[in-house]
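As a plain string of letters, each chain reads:
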Amino acid sequence: MKRKDILNELLFTIFERTTIKPSDGKIYCSGNLFSSCQFNNDEYEKYVKLLKIAFVDNSPQIQMPSYDPESFDRINSLTRFESYLRSYDVDITFAITENNVSYTKAYDAALALLKAIFSPTTAFDKFIIENEDISKEFKSALNKIRNMQIGSNISGFLDSIDTLSQPCCVYDADYTYDKALYNRSLLINTTEEMFLDIPIIREISLNIWIDGSGKYDSNSESLYNSIASAFMCYNEGQGVTINNSGNNSEYFIKKPLSLVSIKNNFPDMFYFVTHLDQETVFNKYQCTSEADLLRIITNKGREQYFEGLQDTLSQYEISLVDYTDDLIKRVLSLDLLWLYDNKQRQVEKCKEEVRKILIGYAHVFSLIDVCSEEIVIKQLIAILHHAVTETTKFIEGNGRFIAKCAVKHNCEGHIQYVKNKHYGKKYKQYTALYEKLKQLPDNEPQSLYESYFYTSSNELDRLLNAIREYKNHFKKAKKSS
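This write-up is about the structure you can find in this document.

What counts, and where the lines are drawn
Residues numbered from 1 in each chain as written. Predicted model: local features only at pLDDT ≥ 70, side-chain atom pairs only at ≥ 80, totals over all residues. Heavy atoms only, no water. Helix = DSSP H or I, 4+ residues; strand = E, 2+ residues; numbered from the N terminus. Buried < 20%, exposed > 50% of the residue type's maximum accessible area, 1.4 Å probe, protein only. Contact = heavy atoms within 4.5 Å. Areas by Shrake-Rupley, 256 points an atom, 1.4 Å probe, with all protein chains shown as cover. Lys, Arg positive; Asp, Glu negative; His and termini not counted. Charge placed at Lys NZ, Arg CZ, Asp CG, Glu CD. Pairing = 2+ DSSP bridges. Axes fitted to C-alpha atoms, helices over the stretch in contact; angles between N-to-C directions. Parallel < 35°, antiparallel > 145°, perpendicular 65-115°, else oblique. Nonpolar A, V, L, I, M, F, W, Y, C, P; charged D, E, K, R; others polar. Patch = residues over 30% accessible without salt bridge, like charges linked within 9 Å, V, L, I, M, F, W, Y side chains within 5 Å. Salt bridge = Lys/Arg side-chain N within 4 Å of Asp/Glu carboxyl O.

A closer look at the overall build of the protein
The helix and strand inventory of the protein stands at 18 helices and 11 strands. Each principal axis of the C-alpha distribution contributes one length, and for the protein these read about 85 × 60 × 60 Å. Out of the 481 residues belonging to the protein, those deemed buried represent 46%. Considering only contacts in the protein between residues 6 or more positions apart, those separated by 24 or more positions represent 77%. When the accessible surface of the protein is summed, it comes to about 25900 Å², and 48% of that surface belongs to carbon and sulfur atoms. One finds the centroid of the 57 positive side-chain charges in the protein at a distance of 6 Å from the centroid of its 65 negative side-chain charges.

Written out as structure tokens, the structure reads:
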């Protein structure tokens, strides 16, 4: 993993740009601190100052040239940093509390990564230094962050042992006029059937094939084994056995396409707090058995579930819009004319495009750079096409509901962005290109191997059509609201 790749991604994660420097206690969006970085102590200290402003200083500010300074969105930076670390298998949460514990924790984590990026070198040439492999130092920093999280988890457990894992309460709306009447509660599990009108939508990730040998053999069984991994082997003589087949040098890694998180914080269970006495059970619910009473109160609790979690539901719906907004912006930031027009493929151009959309790309680069240039290009192009198709499927499958959420919560910035893109110059160029692509023969893949690297001639058409249909859902949602 190269120093410059890791620094690039870390800066984009925390600050959403690389052209930044500390100035008068603010994050100033200008300068060539990154592009000219020599990875020396002086530049290390400047980046430390930036991290302190982002996570430690009171009232952090960010300033664009010729504009007044604005408040730096520390909470957004924290959530993006969480997603970044999870893309490297560090499961960490920076809880937003009234104290600064989470901010300090985020600063310590970012500082650990910065120390790895600026680890000692014996080289003097800038080009050599920025392209040095610091995988060992980076992995050590990630382990340090994991240990930070374990420590904080233990501390949090000891501090909250009395209330640990307590389900939330949903109060029976029939008795809100007199809360003193609440005298019974029933623990109810949430189930998939409760979410028929509110689909549980999850973030998407790319499944990236890695072959440590660098061969990417077309006869490999890895793709098949990954698809059939849930199935155990069966032999008439031996019965069911564990499937131990597979090449140890081949495996898959998952990488997300966005630093924005979907806030799916619905509890797995909840207490439905209600009122019961003999008269209520016999006259109101008209039941004389435990089974009937459990069924009636469970159904009633589930009906009122979302009413009692309006804040959680609103956060979920808004986060869906934010996530979709980021996905669309990322995929449309790609040079789609280059990607679909069969222009000359060069490694650096491919990497430039992958950096725009894949979280954890530095890790992926380090794993495929051992391959021949032909295979590196093939893998990077496959990643780009997979990103387009997965984004397309996400919009196709979820666009109708997310459009309703955008209208419901007045997300006009997102709505106008999607509408305006449809009329932009680039969009018209894409339309002209996919009309041209439709004239080309579409050779279907003949094997699982070919399907991994496959590009359909209607791939761009599907993406643009999905965005167009998504735009139309806004109009329908407004009419029905």
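A word on the sheet that holds strand β3 (residues 61-63)
On the basis of which strands lie adjacent, the open sheet formed by four strands has the order β1-β2-β3-β4 and mixed pairing. Only two strands of the sheet have a single partner each, and these edge strands are β1 (21-23) and β4 (70-71). Sheet topology places strand β2 (residues 26-28) next to β3; two bridges connect them, and they run parallel. If you follow Ile-27 over to β3, its bridge partner there is Ile-62.

Description of the packing of helix α14 (residues 373-408) against helix α18 (residues 459-480)
Two elements in contact, α14 and α18, have axes separated by 8 Å at closest approach and are oriented at 5 degrees. If you check the angle between α14 and α18, you find them roughly parallel. Partitioning the contact of α14 with α18 into residue classes produces 12 nonpolar, five polar and seven charged.

A word on a nonpolar patch on the surface
Residues Met-232, Tyr-234, Val-240 and Ile-242 make up a contiguous nonpolar surface patch of roughly 500 Å² in combined accessible area. With respect to the helices and strands, Met-232 occurs in the loop between α7 (222-227) and β8 (233-235). Under the relative-accessibility criterion, Met-232 is labelled exposed at 53%.

Quick notes on the pattern of salt bridges
Scanning all chains against the criterion turns up 25 salt bridges. The salt bridge involving Glu-16 is made with Arg-80; its shortest N-O contact spans 3.8 Å. Here Glu-16, found in the loop between α1 (3-15) and β1, pairs with Arg-80, found in helix α3 (residues 74-86); they are 64 residues apart in sequence, far enough to count as distant. For the salt bridge of Glu-412 with Lys-478, the shortest nitrogen-to-oxygen distance reads 3.8 Å. With Glu-412 in helix α15 (residues 412-421) and Lys-478 in helix α18, the pair connects residues that are 66 residues apart, well separated along the chain.

Quick notes on unusual backbone geometry
Positive phi, close to 60 degrees, is recorded for Phe-39, a residue that is not glycine. Position of Phe-39 relative to the elements: it lies in the loop between β2 and α2 (41-55). Located in the positive-phi region is Asp-89, a residue other than glycine, with phi close to 65 degrees. Relative to the elements of secondary structure, Asp-89 occurs in the loop between α3 and α4 (101-117). A relative accessible area of 64% means that Asp-89 is categorised as exposed.

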